[in-house]
Amino acid sequence: RQVGEAESAFQMLLKLVDLESTRRSESPTVMDEVTPTHAVRRDRWIAGQLAALYRDGTAEQKKKIDETLARRRQEVESAGQVWGMRQFLRSFGFHPQATPVWLQLASKLSEAEGVLESLALLANLENHPDRAVAANAIAISAKSLTSARQTEMAAAYYNRLTTEFSDRKSTRLN
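For the structure given in this document, a descriptive report is provided here.

Bringing unusual backbone geometry into the picture now. Even without glycine at this site, Arg149 takes up a positive phi of about 60 degrees. Looking at the secondary structure, you find Arg149 in the loop between helix 7 (131-147) and helix 8 (151-164). Using a relative accessible area of 72% as the deciding quantity, one classes Arg149 as exposed.

Okay, here's the thing in structure tokens:
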């Protein structure tokens, strides 16, 4: 990735993301050798390159990336498939467009007996600077724990909702 070639680098990285997604692997293990003594998971390398491209991009470049990821996020959310959400987050989890997908995936996992994974995903969002995101993460955690019959832990999350987020009119408890 050279200076001035951000757009072509982004397009190439998107092609790599799409290529990786055709593998449909729930646990990607493809390792690429980056030096004679170091290897990296391909999906992690791609995500790192995308994050660096976004971080170092100009306002115009960031806007194009935002628009592209907004379209991809809508496709993933509409499909509602756990695998697609995971793939989106593997590649674009660094981006603000990923937040709704984190919440949707965690909610879906909590419904499908993936409570531990759901709670792990939500832990990163419980202190999100957007209070609505944080409240939703805590509410989904509370609901997941209630469904898993972990009432004492669920009570702690419900308590957080009533004390820290009493100003919020609604949360994702339904």
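Turning next to the environment of Glu164. Position of Glu164 among the secondary structure elements: in helix 8. Classification of Glu164 by relative accessible area gives partly exposed; the value is 37%. Expressed as a C-alpha distance, the spacing of Glu164 and Ala135, which sit 29 residues apart in the sequence, is 8.6 Å.

On to the packing of aromatic side chains. Here the distance between the centres and the angle between the planes together describe a pair of aromatic rings. Taken as a whole, this structure holds two aromatic pairs when the rule is applied. For the pair Tyr54 and Phe94, a centre-to-centre distance of 6.1 Å together with 55 degrees between the ring planes defines the contact as tilted. Of this pair, Tyr54 sits in helix 2 (residues 42-56) while Phe94 is found in the loop between helix 4 (82-92) and helix 5 (99-111), placing the two residues 40 residues apart along the sequence. An angle of 55 degrees between the planes, with centres 5.1 Å apart, marks the rings of Phe88 and Phe92 as tilted. Here the residue Phe88 and the residue Phe92 both occupy positions in helix 4, the gap between them amounting to four residues, near one helical turn. A relative accessible area of 3% means that Phe88 is categorised as buried. Assessed through its relative accessible area of 2%, Phe92 is described here as buried. Over the face of the ring belonging to Tyr54 we find Lys62, whose NZ or CZ atom lies 5.5 Å from the ring centre.

Reading the values: the criteria
- Residues numbered from 1 in each chain as written.
- Predicted model: local features only at pLDDT ≥ 70, side-chain atom pairs only at ≥ 80, totals over all residues.
- Heavy atoms only, no water.
- Helix = DSSP H or I, 4+ residues; strand = E, 2+ residues; numbered from the N terminus.
- Buried < 20%, exposed > 50% of the residue type's maximum accessible area, 1.4 Å probe, protein only.
- Phe/Tyr/Trp six-rings, centres within 6.5 Å; stacked < 30°, edge-to-face > 60°.
- Lys NZ or Arg CZ within 6 Å of the ring centre and 35° of its normal.

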